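Chains, contacts and geometry: an overview
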Amino acid sequence: MFAKAFRVKSNTAIKGSDRRKLRADVVAAFPSLGTDGVSQLVPGKEELNIVKLYAHRGDAVTVYVSGGNPILFELEKNLYPTDLMLPGLVVPPAGLPQVQKGDLCAIVLMGNRAPVAIGVAAMSTSEMLASGLKGRGFSVLHTYQDHLWRSGDKSSPPFLAPLALDHPDLSEEKGSVPEDPAMQEDMRHLALEGGEEEIGENQQTCGKKTLPGASEDPSVGGLNPDPTDSKTLQEQMDELLQRCFLHALKCRVKKADLPLLTSTFLGSHVFSCCPEGRQLDIKKSSYKKLSKFLQQMQQEQIIQVKELSKGVESIVAVDWKHPRITSFVIPEPSPTSQTVQEGSREQPYHPPDIKPLYCVPASMTLLFQESGHKKGSVLEGGEVRMIVINYAKKNDLVDADNKNLVKLDPILSDCVLEKSEQHTVVKLPWDSLLTRCLGKLQPAYQVAFPGQEPIVKKGKICPVDITLAQRASNKKVTVVRNLEAYGLDPCAVAAVLQQRCQASTTVTPAPGARDSLQVQIQGNQVHHVSRLLLEEYQLPRKHIQGLEKAPKPAKKK
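Calculation rules
Residues numbered from 1 in each chain as written. Predicted model: local features only at pLDDT ≥ 70, side-chain atom pairs only at ≥ 80, totals over all residues. Heavy atoms only, no water. Axes fitted to C-alpha atoms, helices over the stretch in contact; angles between N-to-C directions. Helix = DSSP H or I, 4+ residues; strand = E, 2+ residues; numbered from the N terminus. Parallel < 35°, antiparallel > 145°, perpendicular 65-115°, else oblique. Left-handed = near helix turned anticlockwise from the far one by under 90°. Contact = heavy atoms within 4.5 Å. Nonpolar A, V, L, I, M, F, W, Y, C, P; charged D, E, K, R; others polar. Pairing = 2+ DSSP bridges. Buried < 20%, exposed > 50% of the residue type's maximum accessible area, 1.4 Å probe, protein only. Lys, Arg positive; Asp, Glu negative; His and termini not counted. Salt bridge = Lys/Arg side-chain N within 4 Å of Asp/Glu carboxyl O. Polar contact = N/O pair within 3.5 Å; in protein donor to acceptor, adjacent residues only side chain to side chain. Phe/Tyr/Trp six-rings, centres within 6.5 Å; stacked < 30°, edge-to-face > 60°. pLDDT = per-residue confidence, 0-100. Arc of directions from axis to C-beta.

The next point concerns the packing of helix α11 (residues 381-394) against helix α13 (residues 430-440). With their axes 10 Å apart at the nearest point, α11 and α13 run at an angle of 125° to one another. Taken together, the axes of α11 and α13 are oblique relative to one another. Between α11 and α13 the crossing geometry is right-handed. Along the contact surface, α11 presents G381, V384, R385, V388, I389 and A392, while α13 presents W430, L433, L434, C437 and L438. Among the residues making up the contact of α11 with α13, the classes are represented as nine nonpolar, one polar and one charged.

Glancing now at the sheet that holds strand β14 (residues 378-380). Spatially, the four strands line up as an open sheet ordered β14-β13-β17-β18, and their pairing is antiparallel. Only two strands of the sheet have a single partner each, and these edge strands are β14 and β18 (455-458). Taking each pair of neighbouring strands and ignoring which way they run, the sheet shows an average axis angle of 35°. One ladder, built from seven bridges, connects strand β13 (residues 353-359) with strand β17 (residues 442-448); its direction is antiparallel. When the sheet's bridge partners are listed, P356 is paired in β17 with Y445. Contacts from α11 reach β13 and β14, with the element oriented near 90° to β14.

Here we come to the side chain of D409. Along the chain, D409 turns up in the loop between β15 (405-407) and α12 (410-416). Here D409 occupies a buried position and makes no salt bridge, while the nearest side chain of opposite charge, K407, is found at 10 Å. A polar atom in the side chain of D409 sits 2.8 Å from the backbone nitrogen of L412.

Another point: the packing of aromatic side chains. A complete count under the given rule lists three aromatic pairs for this structure. Ring geometry for F245 against F265: centres 5.9 Å apart, planes inclined by 85°, an arrangement best described as edge-to-face. Here F245, found in helix α6 (residues 233-251), pairs with F265, found in helix α7 (residues 262-270); they are 20 residues apart in sequence, far enough to count as distant. The class of F265 is buried, set by a relative accessible area of 1%. Centroid distance F245 to F293: 5.2 Å. Interplanar angle 90°. Geometry classified as edge-to-face.

Before going further, it helps to examine the confidence of the model for the protein. Per-residue confidence for the protein gives a mean pLDDT of 77; residues scoring 70 or more make up 78%. Averaged pLDDT values over the elements of the protein bottom out at 40 in helix α5 (residues 181-186) and peak at 93 in strand β23 (residues 544-545). Every residue in residues 336-346 scores below 50 in pLDDT, and together they form 25 contacts with partners more than four places removed in sequence or on other chains.

Bringing helix α15 (residues 526-536) into the picture now. When α15 is considered as a whole, its buried residues turn out to be V526, H528, V529, S530, L532 and L533. The inward-facing, buried residues of α15 abut α7, β19 (464-471), β20 (475-481), α14 (490-501), β22 (517-522) and β23. One or two steps after α15, the chain reaches Q538, where phi turns positive at roughly 60°.

Moving on to helix α2 (residues 34-41). Where α2 is concerned, the buried positions are G37, V38 and L41. Around the axis of α2, the buried residues are gathered within 100° of arc, so they sit on the same side. Among the exposed residues of α2, those oriented more than 90 degrees off its buried face are T35, D36 and Q40. Buried residues along α2 sit against α1 (16-29) and β4 (69-75).

Sheet topology places strand β11 (residues 303-309) next to strand β12 (residues 312-318); six bridges connect them, and they run antiparallel. Within β12, the residue paired with S309 across the bridge is V312. Taking the residues between adjacent antiparallel strands as the criterion, β11 and β12 are bridged by two residues, where G311 takes a positive phi near 80°.

Before going further, it helps to examine the sheet that holds β12. The three strands are arranged β10-β12-β11 in an open sheet whose pairing can be described as antiparallel. Every interior strand has two partners, whereas the edge strands, β10 (260-261) and β11, have only one. Against the sheet, helix α8 (residues 290-299) engages β11 and β12, with an angle of about 130° to β11.

Next comes the structure, spelled out in structure tokens:
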């Protein structure tokens with residue numbers, strides 16, 4: 001299911017009532033977990049988010065994320081664990097386990113009880129035996145190293161020592177599954193690297209089979225815990241914060257940007273330096289607040305922070321020759337780090353080439369038919385001018401005394417004059433005639449994306465519309481519409497803005513617009529939206545409206 005990139009629709013913090021309902025659903029779905037297990041899986045006070053997304057096959061999935069890592073996902077009102085280290089999910093390997101069709105099952109490696117995949121049984125145990133252990137026995141939902149795993153902190157499964165029943169000799173006892181070359185071949189269908197999503201029944205032999213690239217020795221094969229796992233979450237977050245801080249100073253902040261608001265520095269520079277698949281959360285670091293971290297960096301004489309206005313701090317100086325900055329090694333960018341949505345596009349976004357066009361209406365067909373055009377013909381502005389000029393010259397309409405004036409014959413009069421002007425206006429200057437002709441034609445436009453055939457549409461292209469709306473409790477939200485016209489995926493833009501603004505984002509149908517979505521961000525985020533559209537996506541300013549709604553900077557005292 002998550003072997004290919006998915007599309008995020010929304011990411012919001014869970015409410016207290018929804019958290020209690022989730023805990024109740026977990027108890028009902030996994031009664032063997034017990035109270036302590038449920039409390040560990042769904043903590044009572046830690047941050048918990050609900051992420052709604054679409055899998056690559058179009059399935060609507062709800063993912064529950066704790067501490068930046070997915071822990072559960074809901075598909076068709078059924079809960080499935082996404083944490084591959086959940087206790088109590090590995091079935092004993094003493095023979096073929098008794099399962100029914102549709103049962104949730106865990107897949108483990110030989111010598112390690114930590115699951116590396118979860119799936120749903122496609123047939124019961126009796127059916128598996130009747131089929132001679134052939135055919136598709138399980139549909140894999142989630143695997144180690146798939147895209148859902150990559151959305152977390154990418155930690156490896158731990159080593160869990162086998163139970164006493166896991167002794168290798170048991171594989172030869174009655175009722176167990178023999179290890180034969182055909183079964184080893186079938187194991188290659190388990191898509192730990194993003195391949196197929198279905199696994200044969202032979203692959204569920206209670207963890208007694210070795211997956212491709214994995215060794216029976218738990219210390220070999222890359223599935224042992226990463227050395228960084230020995231660090232606490234707080235220590236890892238401190239390290240990530242300092243890494244993003246130094247990266248931002250070395251690559252993104254220039255002397256001309258100073259003084260720089262600390263909030264802008266965090267939202268526009270630090271968060272954008274966060275490595276792919278990681279999520280920076282200062283609250284989970286030992287500093288807890290950005291101001292405290294910046295004070296520490298100021299004590300190390302890397303930066304200088306001042307309160308230029310009451311309650312608003314800015315970075316006023318940076319020592320780019322500081323050893324910590326000069327010695328910082330810039331990480332290699334990942335192939336997908338510059339795409340609009342991680343993993344969803346193979347190439348970086350390039351803005352389309354938008355060209356205004358004109359359609360010939362029925363009232364002006366006589367003017368254009370001599371040049372071979374008819375009603376509905378689409379022309380560029382330069383073509384319209386040449387046709388009008390040639391028509392005037394061919395019909396000897398240029399004024400002999402003043403070459404800047406054009407005499408209006410009945411056809412031109414009907415095309416460019418209003419009814420009140422029919423008997424009063426007999427001549428027009430060239431610029432006025434051409435302007436009137438263009439104004440009477442029906443508007444159209446051509447959109448050409450790199451590597452694609454141009455698309456011609458009638459009417460005027462709607463600009464990207466940025467507005468501010470008032471919500472309950474006098475809260476403001478920023479709403480962005482018409483992104484699709486410029487080849488931008490609203491869900492991808494929402495995901496980027498959520499990280500940049502560190503605010504909740506949602507994608508909803510745009511009211512009054514068919515098959516169009518709008519992005520909604522908490523607070524006045526026009527500044528972040530404008531920087532994203534103008535600087536990164538490089539959309540022309542003339543195709544964006546609402547930029548003036550950005551919050552005005554505080555006046556310096």
